[in-house]
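Here is what each chain is made of, one letter per residue.
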Amino acid sequence: MLIAENISYETGNRMLVRDVSFSIRPGEMLVVLGANGAGKSTLLRMLSGERKPSKGSLTLHHKEVSHYSAPELALKRAVLNQQNVVNMAFLTHEIVMMGRYPHYQNDPSLKDREICEEVMKLTGTTHLSERSYLSLSGGEQQRVQLSRILVQIWDVPNALLLMDEPVAGLDLQYQQQTLAIAKALSKKGFMVISILHDINLAAQYADRILMLKNGRKWYDGTASEVLSTKNIYEVFEIDSDVFTNPKTLKPFFIPKNSTVNLSSIS
Amino acid sequence: MVIQKTTLYVLLTAALFMAASFSLGLGAVKIPVTDVLLILAKKLGMFTNSVVSMQHEGVLNIVRLPRVALGILVGAALGISGAAVQGIFRNPLAEPGLIGISAGASLMAVIVIVLEMALFASLSNLLGYYLLAFGAFAGAGIAAVLVYQISRTDGKSNVATMLLAGIAINALAGALTGLITYMADDQQLRNITFWMLGSLGGATWETVLAIAPFVLIPVFVLPYMGKALNAFALGETQANQLGLRINRIKRNVVILSTMAVGAAVAVSGIIGFVGLLVPHTVRLLIGVDNKYVLPASALMGALMLTLADMLCRTIIAPIELPIGVITALLGTPLFLYILIKDKKKLTL
């Protein structure tokens, strides 16, 4: 159980996140939506323990996140970051095994190896196993990082999985697959929180959606509850039509054309 | 990966043993390799009744053995700290020199050379030598601590700032070194130049024993940080998310590397390029897993310096070339080759 009560984050007199409250229980998948600069990544950094909230209380399994040590947190939550830059030519399977580092001292156990194999099969990266990470395409690297994150908490009950734009740079097949994996894990008891930009993907996979604007929580509810033309205009400042997908009965969003004035170029 | 990790360990150890035995026999007094081995065996209590020349035994004990031992220690120190510093900076082009360690050592050494001549002209050579070594070691430590402290904000040290601070400290130490060099007299200039080019010529059992702990502790402790340094390759944030206490690790790596490099520079002067090239070569052979790269870099560094010392003592014997010149002459082309071959893959 992760509970945020009125958490704020302030840096250099700027409030990046302001009085946000929400909670998530095992089995739920929560998607965070919002425009650039709305405070999504800052919120995620607080949830991961990287940043301490300037105000408010944030508890994971009834203990303040900031009171956990780094090794303790590593055994309870995993984070898929937006940017992952590696300069050394590690092999793909070596990168994935790093996700098991919190679980072993010197040498990986048989179980550690089995989990890596299983996850790499799931993410479709087994055939990349012996390749240098630096030689992979951007989308392949992203899937390898996803594998590393998943092996870290694979065998941890009620683990917290945080993902910052996990589908950026992935093709359509792997966008669906990545979120399907996250969703399936939430059904196994994980708490999944993911930042997304694609409203339709959010509608498709989220149990609940948190919409942020200017660092504040604007709306919080199921896709059908919060994804309306009015709400989307408030948060993203775009005009759109929202329909109901006849098969899934989930909202389905189509942006309207926006006009750009280039008169100064003529 | 070109060869198996264990194969590389075995090959490096064997090559180091052979190079060392060969090097022990070379010099003004030539000693056949068989005699070298026999004398070594005798020292270990084997073949005690075999006959070897007293002169050979003396030369080996007093001159050659400490020199070869010093070369092995200095090489291991430079090799392993190069690998560790590259790991912490997440950059295959980093080197201990980059964070000001060598520049700090040089500055203090030059100060000691000039001041010693000016103030303590009466001091004996040996005391002066120890003063020089101590000064260089202190300089390395001061530079490393300065760079590390400058790079700290809110209790966290930033690697990019650390590099920039290193560049600044390098420039400052370089300018001060230049200033003092400018004021030095002819004899001091000779000493300064000699020291800056690096040499194992000062080897005695005392110097070997003096630096042994400073080198051996990092050589045996750093390999245990292999896993942590691997995680660092993912990024500091990611390493922290994997449960590493990144500040503690950075601090320990800086301390251990400064210990090793400071001690090496203190007794042998500036020997360039070993810290850069050795880990690079090791990674080409066995891959980049630091668990194996760190110990292999110590072995490879020891081998490289033993060979370089052998060359600089024999190429134009009886004149001895500075070993720093040899490592740079051989190292630079190799480094440029790697750079050109891999430049597409490098991101700084």
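No experiment lies behind these values; they were computed from the predicted model shown.

## Quick look at the overall build of chain A
Each helix and strand counted, chain A has nine helices and twelve strands in total. Scaling as 2.2 N^0.38, a compact globule of 266 residues should have a C-alpha radius of gyration of about 18 Å, and chain A matches this with 19 Å. Counting only C-alpha atoms and orienting by the principal axes, one finds that chain A spans roughly 60 × 45 × 45 Å. The buried share of chain A, taken over its 266 residues, is 51%. When contacts within chain A are restricted to residue pairs at least 6 apart in sequence, long-range pairs at least 24 apart make up 64% of them. For chain A, the exposed surface amounts to about 12400 Å²; the carbon and sulfur share of it is 50%. Counting 29 positive and 27 negative side-chain charges, chain A places the averaged centre of each group 3 Å from the other.

## Observations concerning the side chain of Arg143(A)
Residues and elements named next belong to chain A. The topology assignment puts Arg-143 in helix H5 (residues 138-153). Despite being buried, Arg-143 has no salt bridge partner; Glu-140 is the closest side chain of opposite charge, sitting 5.2 Å away. Among residues more than four places away in sequence, those in contact with Arg-143 are Thr-123, Gly-124, Thr-125, His-127, Leu-170 and Tyr-174.

## Quick word on the environment of Asn200(A)
All names here are of chain A. With respect to the secondary-structure elements, Asn-200 resides in helix H7 (residues 199-205). As a C-alpha pair, Asn-200 and Pro-251 span 51 residues in sequence and 7.7 Å in three-dimensional space. Not counting the four nearest positions on each side in its chain, Asn-200 is found in contact with Phe-252 and Phe-253.

## Quick notes on the interface of chain A and chain B
Of the residues lining the interface, 30 residues belong to chain A; the matching set on chain B comes to 26 residues. In total, chain A and chain B occlude about 2400 Å² of area from one another, counting both sides; carbon and sulfur atoms represent 54% of this. In terms of surface lost to chain B, no three residues of chain A exceed Asn87(A), Met88(A) and Tyr101(A), which account for 28% of the buried area on that side. Here chain A is connected to chain B by one salt bridge. For Lys291(B), the salt bridge is made with Asp107(A), and the minimal N-O distance between the two is 2.6 Å. Of all the elements in the fold, those that place two or more residues in the side of chain A that touches chain B are helix H2 (70-74), strand S6 (77-80), helix H3 (92-98) and H5 of chain A. Across the side of chain A that touches chain B, the residue classes break down as 15 nonpolar, ten polar and five charged.

## Notes on the packing of aromatic side chains
The final tally for this structure, using the stated rule, is two aromatic pairs over all chains. When the ring of Tyr101(A) is compared with that of Tyr104(A), the centres are 5.8 Å apart and the planes differ by 90°; the resulting orientation is edge-to-face. Looking at Tyr104(A), the relative accessible area reads 11%, which means it is buried. Sitting over the ring of Tyr174(A), Arg143(A) keeps its end group 3.6 Å from the ring centre. Over the face of the ring belonging to Tyr104(A) we find Lys227(B), whose NZ or CZ atom lies 4.6 Å from the ring centre.

## Re the pairing of strand S8 (residues 191-195) of chain A
All names here are of chain A. Burial analysis of S8 places five of its five residues in the buried class, the great majority of the element. Taking every second residue as pointing to the same face, both faces of S8 are buried, with Met-191, Ile-193 and Ile-195 on one and Val-192 and Ser-194 on the other. Looking at chain direction, strand S3 (residues 29-34) and S8 are connected through four bridges and run parallel. Across the sheet, residue Val-32 finds its bridge partner in S8, namely Ile-195. Both strand S7 (residues 160-164) and S8 contribute to a ladder of five bridges, which runs parallel. Note that in S8 the partner of Leu-160 across the bridge is Met-191. For the crossover from S7 across helix H6 (residues 172-187) to S8, the handedness is right-handed.

## Re the domain arrangement of chain A
Residues and elements named next belong to chain A. Along its sequence, chain A is organised into domain 1 (1-76 + 157-170 + 184-265) and domain 2 (86-155). Using only C-alpha atoms to locate each centre, domain 1 and domain 2 end up separated by 27 Å. Across the contact, 15 residues belong to domain 1 and twelve residues belong to domain 2. Broken down residue by residue, the surface that domain 1 buries against domain 2 is led by Ala-74, Leu-75 and Leu-170, which jointly contribute 38%. Across the contact surface, domain 1 and domain 2 share two residue pairs in polar contact (both at pLDDT 80 or more). For the side of domain 1 that touches domain 2, the element with the most residues is S7, which contributes three residues. Partitioned by chemical class, the residues of the side of domain 1 that touches domain 2 number twelve nonpolar, one polar and two charged.

## Observations regarding the pattern of salt bridges
Residue and element names in this part refer to chain A. Counting across every chain of the model gives 17 salt bridges over all chains. With its nearest N and O atoms 3.0 Å apart, the salt bridge here joins Asp-155 to Arg-100. Pair noted here: Asp-155 is in the loop between H5 and S7 and Arg-100 is in the loop between H3 and helix H4 (110-123), with a separation of 55 residues, a long-range link. The exposure class assigned to Asp-155 is partly exposed, which follows from its relative accessible area of 29%. For Lys-183, the salt bridge is made with Asp-207, and the minimal N-O distance between the two is 2.9 Å. With Lys-183 in helix H6 and Asp-207 in the loop between H7 and strand S9 (208-213), the pair connects residues that are 24 residues apart, well separated along the chain. Shared partners join several salt bridges into a network, and the residues in it are Glu-28, Arg-208, Lys-217 and Asp-220.

## Regarding the sheet that holds strand S5 (residues 63-64) of chain A
Residue and element names in this part refer to chain A. Spatially, four strands are ordered S2-S1-S4-S5 in an open sheet, and the strand pairing comes out antiparallel. What marks the edges here is a single partner per strand, and that holds for strand S2 (14-24) and S5. As paired elements, strand S1 (residues 2-11) and S2 share seven bridges and run antiparallel to each other. Bridging from a neighbouring strand, Glu-10 pairs with Met-15 of S2. The sheet contacts of helix H1 (residues 40-48) involve S1, S2 and strand S4 (55-60), and relative to S2 the element is tilted by about 60°.

What counts as what
Residues numbered from 1 in each chain as written. Chains lettered and ligands numbered in written order. Predicted model: local features only at pLDDT ≥ 70, side-chain atom pairs only at ≥ 80, totals over all residues. Heavy atoms only, no water. Helix = DSSP H or I, 4+ residues; strand = E, 2+ residues; numbered from the N terminus. Rg over C-alpha atoms; globule rule 2.2 N^0.38 Å. Buried < 20%, exposed > 50% of the residue type's maximum accessible area, 1.4 Å probe, protein only. Contact = heavy atoms within 4.5 Å. Areas by Shrake-Rupley, 256 points an atom, 1.4 Å probe, with all protein chains shown as cover. Lys, Arg positive; Asp, Glu negative; His and termini not counted. Charge placed at Lys NZ, Arg CZ, Asp CG, Glu CD. Salt bridge = Lys/Arg side-chain N within 4 Å of Asp/Glu carboxyl O. Buried area = accessible area lost by both parts, 1.4 Å probe. Nonpolar A, V, L, I, M, F, W, Y, C, P; charged D, E, K, R; others polar. Phe/Tyr/Trp six-rings, centres within 6.5 Å; stacked < 30°, edge-to-face > 60°. Lys NZ or Arg CZ within 6 Å of the ring centre and 35° of its normal. Pairing = 2+ DSSP bridges. Right-handed = clockwise from strand over helix to strand, strands pointing away. Domains from an automatic or database assignment. Polar contact = N/O pair within 3.5 Å; in protein donor to acceptor, adjacent residues only side chain to side chain. Axes fitted to C-alpha atoms, helices over the stretch in contact; angles between N-to-C directions.

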